[in-house]
Amino acid sequence: MIDRVSEKIDNINNNIVPIGYKRTKVGIIPDDWKLVKIGDIGEFLKGKGISKKELVEDGIPCIRYGEIYTKHHNYIKNFISFIPKSETHNAKLIMQGDILFAGSGETLEEIGKSVAYLEDKEAYAGGDIVILRPVQSNNSKYLGFALNGPLINSQRRKVGQGHSVVHIYSRDLKSLLLPLPSLSEQNKIANILSTWDKAIDLKEELIKQKKEQKRGLMQLLLTGKKRLKEFTGEWNEVKLKQVGKLYQPQTISQSQLKASGYPVYGANGLIGYYDQYNHDTWQIMITCRGSTCGTVNKSKAKSWITGNAMVLNTDENKDVVKDFVYYLCLNSNFQKLVSGSGQPQITRNPLETFKIIMPTDLKEQKAIADVLSTADKEINLLEQQLDQLKQQKKGLMQLLLTGIVRVKD
């Protein structure tokens, strides 16, 4: 099976039409698939209204164009925006089975991205949304997948217009060519891809729960509210400067970054690579410039840390466990030290006098760090599994939505 699929992919990549396939304007597709213009499968309508100031926490579900490419994937599972009943006359009512396209975006990847609306409840679409209301018998969930699939994306990018903000209009969308299998095959493809979506949803929910559990553990273990049973020693209040050296390393410019080399860390973590490093061991970094001031990150060994982060270097302090101090910093609120209105910043003096409490027993510090480190490893493993599921789904979409793998009876 795998060999046959690989052979078929090789043939198609070499522009050879396999038996049972045909060459079309969008590429090689199965013989029994139709190639239709999107304008032939439904009528186009325009969303309208729904400004940000009209949104309420509880009201009638609605969707704004930016949410199509930032919050939803292929079909709408849950609405995140709502408007009061009194404002619905200014918006466009959407129907079960409608396909909603983002009419504006900042990149060609965002423009024309679409989602299917599968519920049968009152809901509305805002301005800059192009609505396709299918009139033929097609599976709207399948259309939600296919209209974001590989054979449509390349066409969509060509018709995107504009520069800093790009637009796509219904007249452009009408001309896009969509390969369509039978309704039976559409249903099966939609069901297969939905199965992967459910697995992804479950994994994401599990990761969310594990992160909540870890947050709770940090609140208890790092404040001494809950002690590990074998420890009863004292906790002392100390200033951050008693724990390690605080300093801003030398900054390098964006133009000095390389495509590979030693990791470079800035205000928001990893920002690139450089051919030198200014820290031999991993370090605790507290962002001290910009909107993310106070965020705590952890660098890798042999890396360059820029001056947008304050380093708390505990390497020479034998009375602390470095991993414990890292988790302690993660659980601390450094945002209250932010000063400056135009450019938020945290300076060294208030950080040095920032007070924390910690156990004096190194074994207790290590035991707490081990518990939290185990929680981190579990979360990292789940996140790797989530990435694998997403890659598997992406691969399936590539195979199923191009007809390379068939799911006929």
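Look a little higher up for the structure.
Residues numbered from 1 in each chain as written. Predicted model: local features only at pLDDT ≥ 70, side-chain atom pairs only at ≥ 80, totals over all residues. Heavy atoms only, no water.

Quick notes on the environment of E57
Item 1. Counting through the fold element by element, E57 comes out in the loop between β4 (42-46) and β5 (60-63).
Item 2. A sequence separation of 323 residues divides E57 from N380, and the C-alpha atoms of the two residues are 33 Å apart. (Helix = DSSP H or I, 4+ residues; strand = E, 2+ residues; numbered from the N terminus.)

Structural notes on the sheet that holds β5
Item 1. Spatially, β7-β5-β12-β8 is the arrangement adopted by the four strands of the open sheet, whose pairing is mixed. Among the strands making up the open sheet, the edge pair consists of β7 (81-83) and β8 (92-93).
Item 2. The pairing of β5 with β7 spans three bridges and is antiparallel. When the sheet's bridge partners are listed, P61 is paired in β7 with F82. (Pairing = 2+ DSSP bridges.)

Re the packing of aromatic side chains
Item 1. Throughout the structure, instances matching the rule amount to nine aromatic pairs.
Item 2. Between F44 and F101, the ring centres sit 6.4 Å apart and the planes meet at 35°, which makes this aromatic pair tilted. In this pair, F44 sits in strand β4 while F101 sits in strand β9 (residues 99-102), placing the two residues 57 residues apart along the sequence. F101 carries the same exposure label as F44, and that label is buried.
Item 3. Residues W282 and Y326 carry aromatic rings whose centres are separated by 6.2 Å and whose planes lie at 85° to one another, so their mutual orientation is edge-to-face. (Phe/Tyr/Trp six-rings, centres within 6.5 Å; stacked < 30°, edge-to-face > 60°. Buried < 20%, exposed > 50% of the residue type's maximum accessible area, 1.4 Å probe, protein only.)

Concerning the pattern of salt bridges
Item 1. For the coordinates displayed, the defined rule picks out 19 salt bridges.
Item 2. Between K393 and D197 there is a salt bridge; the shortest N-O distance is 2.7 Å. With K393 in helix α10 (residues 362-400) and D197 in helix α6 (residues 183-221), this residue pair connects regions lying 196 residues apart in the sequence.
Item 3. Residue class for K393 comes out buried when judged on its relative accessible area of 9%. (Salt bridge = Lys/Arg side-chain N within 4 Å of Asp/Glu carboxyl O.)

A closer look at the state of the cysteines
Item 1. By the definition in use, this model includes zero disulfides.
Item 2. Looking at C293, it has no disulfide partner, and the nearest cysteine sulfur is the one in C288, 6.5 Å off.
Item 3. What makes C293 buried here is its relative accessible area of 4%. (Disulfide = S-S within 2.5 Å.)

Topic: the pairing of β9
Item 1. Going residue by residue along β9, you find I99 and F101 tucked away on one face and L100 and A102 tucked away on the opposite face as well.
Item 2. Taken together, the three bridges between β9 and strand β11 (residues 114-116) define a ladder with antiparallel strand orientation. What sits directly across from L100, in β11, is V115.
Item 3. Relative to strand β13 (residues 129-134), β9 is paired through four bridges, and the arrangement is antiparallel. Opposite I99, over in β13, you have L132 as the bridge partner.

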